[in-house]
Amino acid sequence: MAEDFADAMAYLTHQGWGITYAELDQAADEAAAGLAARDIGEQDAVALVLESTIDYVVLFLALARLGAVTSGVNPRLTAREINACLEVLDPKLAIVGDQLLGRVDVDRFAGETLVPGTSAETVAGEFRIADARPPAPLAEDPDRPVCVCFTSGSTGLPKGAWYGNRQLERILELDTGGAWGGGGHGISPTQFAHVGFMTKLPWLLASGRTTHLLKRWSAGPVLELIAQHRMPTVTGVAPQIALMLAHPQIDELDFSAVQAIVAGGAASPPALVREARERFDAPYSIRYSSTESGGIGLGTDLGADDEEALNTIGRPRPGVEAAIRAEAGEPVAQGEIGELWLRSDCIMAGYWNDPEATSEALVDGWLRTGDLARSDSSGCYRLAGRVKEMFIRGGYNVYPMEVESVLGNHPAIAEIAVVSRPDEIMGEVGVAVIVVSEGHEPPTLEDLRDFGTAGLAPYKLPEDIRIVARLPRNAGDKIDRRALAEL
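Residues numbered from 1 in each chain as written. Predicted model: local features only at pLDDT ≥ 70, side-chain atom pairs only at ≥ 80, totals over all residues. Heavy atoms only, no water.

> Describe the overall build of the protein chain, listing the residues and the values that go with them.
Assigned secondary structure in the protein chain consists of 14 helices and 26 strands. The globule rule puts the C-alpha radius of gyration for 487 residues at 23 Å, and the 23 Å found for the protein chain is close to it. Split into buried and exposed, the 487 residues of the protein chain put 54% on the buried side. When the accessible surface of the protein chain is split by element, carbon and sulfur atoms take 48% of a total near 21400 Å². A distance of 3 Å separates the average location of the 41 positive side-chain charges in the protein chain from that of its 70 negative side-chain charges. (Helix = DSSP H or I, 4+ residues; strand = E, 2+ residues; numbered from the N terminus. Rg over C-alpha atoms; globule rule 2.2 N^0.38 Å. Buried < 20%, exposed > 50% of the residue type's maximum accessible area, 1.4 Å probe, protein only. Areas by Shrake-Rupley, 256 points an atom, 1.4 Å probe, with all protein chains shown as cover. Lys, Arg positive; Asp, Glu negative; His and termini not counted. Charge placed at Lys NZ, Arg CZ, Asp CG, Glu CD.)

And the structure:
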C-alpha cells in the first residue's frame, strides 16, 4: 500500500500538516524498531491511551509488524474506567498521551509517555529509531491476536473483544469487496479505540484515501470538509447525523456530491432518516453491528423502500448470518421476539483474559448480541429492546448498574435506578430515578452530574432525574425496570 499510494496523503490534521503513505510506512518501521528495542514482541499486549492522532496510527502499525497485540483505551473515559481496562488487558507496556497521564497508574501498568508529534518526522518520536528497520517479518499465523477493543459489561466491568489476523482479513474482504484503491477523502467519526477504527484500519489503508483528523468531532467543520472535498458518503453515528442536520451550515454548503448516508452505533429514528435523506438528497443506510461482531452485521439497503429504511435494521450483510433465538438457544418463529444471534468470520475470537464471558457470548460459532429483535416476511430485522439494560447514548454503550454503583454513593440518595428514554439527538439518554435519603434535600441534576464526574465518562452521566417515594419491584424483589421506563 505504501508503494501503491506512496505520495498520497494518508492523514491530514486540523492544524494543516499530514503524513503520506510512504512517510507513514517509514514511521511505522522506525517505531517498530524502537518498540523491539524495548523488548516488545509477538503476542505482547500494549495499550494505547492516546487521543486519535497520527501517532496512534503509527504505533498500531508498528506493533502489528512485531506481532504484538494493540488495545486502544478511549481517552474520554475517567481514571477509574481507564485503569479497569488496563487491569483486564494486563499490558506489557502502556503508551500514554502526555495530557492523559493523570488518569493512568503508570507505575502499575508500565506506562511510558508520548508527546504528540507536530510533523511527519516527529509523530511517535519517542519510540522511533531513525532509518532503522523492524525485525524480520513473522511467519503468517491467521490465529495470532492483533487487537483488543473494549466494551463495558452489564456489571460495569470492561471486556476486551480480541481479533486475530483471520478476522481482520475477512473484515477487509467484506469492506472492500475485493477492490482496493479509490482514493478520495474521508473522516473518522469515532475515537480510534473504537471497533470502527481498530478492525477497519486495513480497509482504510487499502482504500488509499486521505483521512481528515479533527481535534474533536464537531458538526460545522465536518460539514465543511464534506462539501470542500466533495465526499460521496456521509458517515457517523446517528446523533452526529442529527447534529449536522441542526447546524446552520447544512443549508449553506454544496452537498451535491453526496451519494449515501451511512449511520451506525445508535438507533436512527424514522424522522432523522427522512430529514437526512431530504437535506443531503441521498439514500440513508442504517447499520447494525457491535464491538463483538467486528463492526460487521446488518444494514438497510440504499435502495430500500420506506418500510425497510425507516423501521428496520435491514438484512444481514454479505458473509453474515442472523437468527432469532429463545433464551435456551432454540429458534423462534418468524415475527416472534427473541435474542438476535449473528454468525460470520468477522466476529471476535473471544474476550481477552475472560474465558467465562467468552463461553457465554460465543455458542457454536454464533455471537449472542444481547439485543431483542424479530424478523419479518421480507427478511428484515427489527429491534425490540435489549436482553440486559444497556442503552446507547450517542453511539456509546451505557450500563445502568455501573452508573448506579457510582452515583449510589451520593449522601442524598437512598436508592437509585438508571433507565433510558428516547432523545432526538443522542438516540437515548439516561434518567436517574431516585429515592432520597431521610433528612436530605433531593439532589439537583447538576449536583448529581458533578458527583459522578470523577468516576464516569460524561456520556454515562444522567441527563434528567425523577424523585420517587420508592422504586417499583417485581415478585422476586428485583427492581422492575419496565415499570421504571413507564415513568
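> Tell me about the nonpolar core, residues and numbers included.
Tyr11 and Phe280 are the most contacted members of the largest nonpolar core, which totals 101 residues. When residues of this core are assigned to their parent elements, the largest contribution, 10 residues, is made by helix α2 (residues 54–66). Not counting residues within four places of it along the chain, the set of residues in contact with tyrosine 11 comprises Gly18, Ile19, Leu24, Ile54, Val57, Phe192, Phe197, Leu201, Leu204, Thr211 and Leu213. Judged by nonpolar contacts, the second largest core, of 36 residues, contains Ala45, Val69, Trp162 and Ile416. (Core = buried A, V, L, I, M, F, W, Y, C linked by side-chain atoms within 4.5 Å. Contact = heavy atoms within 4.5 Å.)

> Hey, could you go over the packing of helix α8 (residues 238–246) against helix α9 (residues 270–280) for me, with residue numbers and the actual values?
Axis separation between α8 and α9 bottoms out at 10 Å; the angle between their running directions is 50°. When the interaxial angle is binned, α8 and α9 end up oblique. Here α8 and α9 pass one another in a crossing that is left-handed. Counting all contacts with α8, which are made through Ala238, Ile241, Ala242, Met244 and Leu245, the residues of α9 involved are Leu272, Glu275, Ala276, Arg279 and Phe280. (Axes fitted to C-alpha atoms, helices over the stretch in contact; angles between N-to-C directions. Parallel < 35°, antiparallel > 145°, perpendicular 65-115°, else oblique. Left-handed = near helix turned anticlockwise from the far one by under 90°.)

> Quick one: what's the story with helix α1 (residues 21–37), residue by residue and with numbers?
If you check α1, its first and last C-alpha atoms are 24 Å apart, about what 17 residues at 1.5 Å a residue would give, namely 24 Å. All buried positions along α1 are accounted for by Tyr21, Leu24, Ala27, Ala28, Asp29, Glu30, Ala31, Ala32, Ala33, Gly34 and Leu35. Tucked inside the fold, the buried residues of α1 contact β1 (9–12), β2 (18–20), α2, β5 (93–97) and α6 (201–207). Downstream of α1 by a residue or two, aspartate 39 has a phi angle that is positive, lying close to 70°. (Expected span 1.5 Å × (residues − 1).)

> Please give an account of the environment of glutamate 292 that cites residues and values.
Here glutamate 292 is to be found in the loop between β13 (284–288) and β14 (298–299). The exposure class assigned to glutamate 292 is buried, which follows from its relative accessible area of 13%. Sequence-wise, glutamate 292 and alanine 349 are 57 residues apart; in three dimensions their C-alpha atoms are separated by 8.7 Å. Leaving out residues up to four positions away in the same chain, glutamate 292 has contacts with Thr151, Ala161, Tyr163, Ile347, Met348, Tyr351 and Leu367.

> Describe the sheet that holds strand β12 (residues 260–264), and please don't skip the residues or the numbers.
Read from one edge to the other, the open sheet built from 5 strands follows the order β11-β12-β13-β14-β15, with strand pairing classed as mixed. Of all the strands in the sheet, the pair left with one neighbour each is β11 (233–237) and β15 (315–316). Running over the sheet, α9 touches β11, β12 and β13 and is turned about 140° from β13. (Pairing = 2+ DSSP bridges.)

> Let's hear about the pairing of β11: which residues, and what values?
Judged from the 5 bridges that link them, β11 and β12 form a sheet pairing that is parallel. Residue pairing in the sheet places threonine 235 in a bridge with valine 262 of β12. For the crossover that starts at β11, traverses α8 and ends in the parallel β12, the hand is right-handed. (Right-handed = clockwise from strand over helix to strand, strands pointing away.)

> A description of the pattern of salt bridges should follow, citing residues and the corresponding values.
What the rule picks out here adds up to 27 salt bridges. Here arginine 128 and glutamate 30 are joined by a salt bridge, their closest N and O atoms 2.9 Å apart. Here the residue arginine 128 occupies a position in the loop between β6 (111–114) and β7 (145–152), and glutamate 30 occupies one in helix α1, the gap between them amounting to 98 residues. Using a relative accessible area of 17% as the deciding quantity, one classes arginine 128 as buried. The salt bridge involving glutamate 463 is made with arginine 393; its shortest N-O contact spans 2.4 Å. With glutamate 463 in the loop between α13 (445–452) and β26 (464–467) and arginine 393 in strand β22 (residues 391–393), the pair connects residues that are 70 residues apart, well separated along the chain. (Salt bridge = Lys/Arg side-chain N within 4 Å of Asp/Glu carboxyl O.)

> Got a sec to walk through the sheet that holds β26? Specific residues and values, please.
Taken in spatial order, the 3 strands make up an open sheet running β24-β25-β26, and their pairing is mixed. Of all strands in the sheet, those with a lone pairing partner are β24 (413–423) and β26, marking the two edges. Put simply, the sheet's adjacent strands are angled 25° from each other on average, direction ignored. Pairing geometry for β24 and strand β25 (residues 427–436), over 10 bridges, is antiparallel.

> An account of the packing of aromatic side chains is requested, with residue identities and associated values reported.
For any pair of aromatic rings, geometry is given as the distance between the ring centres together with the angle between the planes. Applying the stated rule across the entire model yields 7 aromatic pairs. Counting every residue linked through ring pairs, the aromatic cluster contains Tyr56, Phe192 and Phe197. (Phe/Tyr/Trp six-rings, centres within 6.5 Å; stacked < 30°, edge-to-face > 60°.)

> I'd like a description of unusual backbone geometry, backed by residues and values.
The backbone of alanine 124 sits at a positive phi, close to 55°, despite the residue not being glycine. Checked against the element boundaries, alanine 124 lands in the loop between β6 and β7.

> Break down the side chain of threonine 291 for me, citing the residues and quoting the values.
With respect to the helices and strands, threonine 291 occurs in the loop between β13 and β14. Its relative accessible area of 15% is what places threonine 291 among the buried residues. Contacts of threonine 291, omitting those with residues within four sequence positions, involve Cys149, Phe150, Thr151, Ala161, Tyr163 and Val195.

> Outline the side chain of asparagine 83, listing residues and values.
Among the structural elements, asparagine 83 can be located in helix α3 (residues 79–89). Looking at asparagine 83, its side chain comes within polar contact range of the main-chain oxygen of arginine 103, at 2.9 Å. A distance of 3.0 Å separates a polar atom in the side chain of asparagine 83 from the backbone nitrogen of aspartate 105. The contact partners of asparagine 83, leaving out residues within four places of it in the chain, are Arg103, Val104, Asp105 and Phe109. (Polar contact = N/O pair within 3.5 Å; in protein donor to acceptor, adjacent residues only side chain to side chain.)

> Lay out the state of the cysteines with the relevant residues and their values.
Here, the word disulfide means a covalent bond between the sulfur atoms of two cysteines. For the structure shown, the criterion picks out 0 disulfides. Cysteine 346 takes part in no disulfide bond, and the closest cysteine sulfur to it belongs to cysteine 147, at a distance of 12 Å. By relative accessible area, cysteine 346 is classed as buried at 0%. (Disulfide = S-S within 2.5 Å.)

Fair warning: the whole summary comes from geometry, so function is off the table for now.
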